[in-house]
Amino acid sequence: MSVNYYEDLGSLSTDGLIAASYPMADVFHIAVRKLNEEETLKRGTLLDLSTGTAGDGKYVIHGTNAASNETLSANCILAEDTVVGTASDVIARAYRTRHFVKENLIIAAGSEITDADKEALRDVGILLSSAIKV
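The sections below set out a description of the structure shown in this document. (Residues numbered from 1 in each chain as written. Predicted model: local features only at pLDDT ≥ 70, side-chain atom pairs only at ≥ 80, totals over all residues. Heavy atoms only, no water.)

### Notes on the environment of leucine 105
So, point 1. Structurally, leucine 105 can be placed in the loop between strand 8 (90-101) and helix 1 (115-124).
So, point 2. Ignoring sequence-local partners within four residues, the contact set of leucine 105 consists of Leu17, Gly44, Ile77, Phe100, Ile113 and Leu128. (Helix = DSSP H or I, 4+ residues; strand = E, 2+ residues; numbered from the N terminus. Contact = heavy atoms within 4.5 Å.)

### Comments concerning unusual backbone geometry
So, point 1. Cis peptide bonds are those with omega within 30 degrees of zero, and the linkage from tyrosine 22 to proline 23 qualifies with 0°.
So, point 2. Structurally, the position occupied by proline 23 is in the loop between strand 1 (18-20) and strand 2 (26-32).
So, point 3. In this structure, asparagine 69 takes a positive phi of about 65° despite not being glycine.
So, point 4. Position of asparagine 69 relative to the elements: it lies in the loop between strand 5 (59-61) and strand 6 (71-78).

### Looking at the pattern of salt bridges
So, point 1. Counting across every chain of the model gives nine salt bridges.
So, point 2. With a closest N to O distance of 2.6 Å, arginine 33 and glutamate 70 form a salt bridge. Here arginine 33 is found in the loop between strand 2 and strand 3 (39-41), whereas its partner glutamate 70 is found in the loop between strand 5 and strand 6, with 37 residues between them in sequence.
So, point 3. Overall, glutamate 70 belongs to the buried group, its relative accessible area being 9%. (Salt bridge = Lys/Arg side-chain N within 4 Å of Asp/Glu carboxyl O. Buried < 20%, exposed > 50% of the residue type's maximum accessible area, 1.4 Å probe, protein only.)

What follows is the structure, given as structure tokens:
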């Protein structure tokens, strides 16, 4: 049997979402609130947790407008593409901890990640850094 040491076996590519290997990833299951129109939320979507007297404990894309007496705070990052429909909430996998590249996170159009959001994420074990593509 001969071995071709020059053969191309493929390559490894990344989506640029993960900034560092520490802290280790901790993935958990969450309930993503149903939408008015079916949409695929992509891996790397920043999600806010709904709390407050009108909160339901579910997750929505960062930048969603809060209802009256609802507080939305940055809490986790979607770990895989997830189709969210209009009929019912969806169970999805999200990162509870990890170190991410801030510029590669997905948020609602017209919104931003504030310093308060970064602190809220850090409180739950998610670190954000800026990175440039080389």
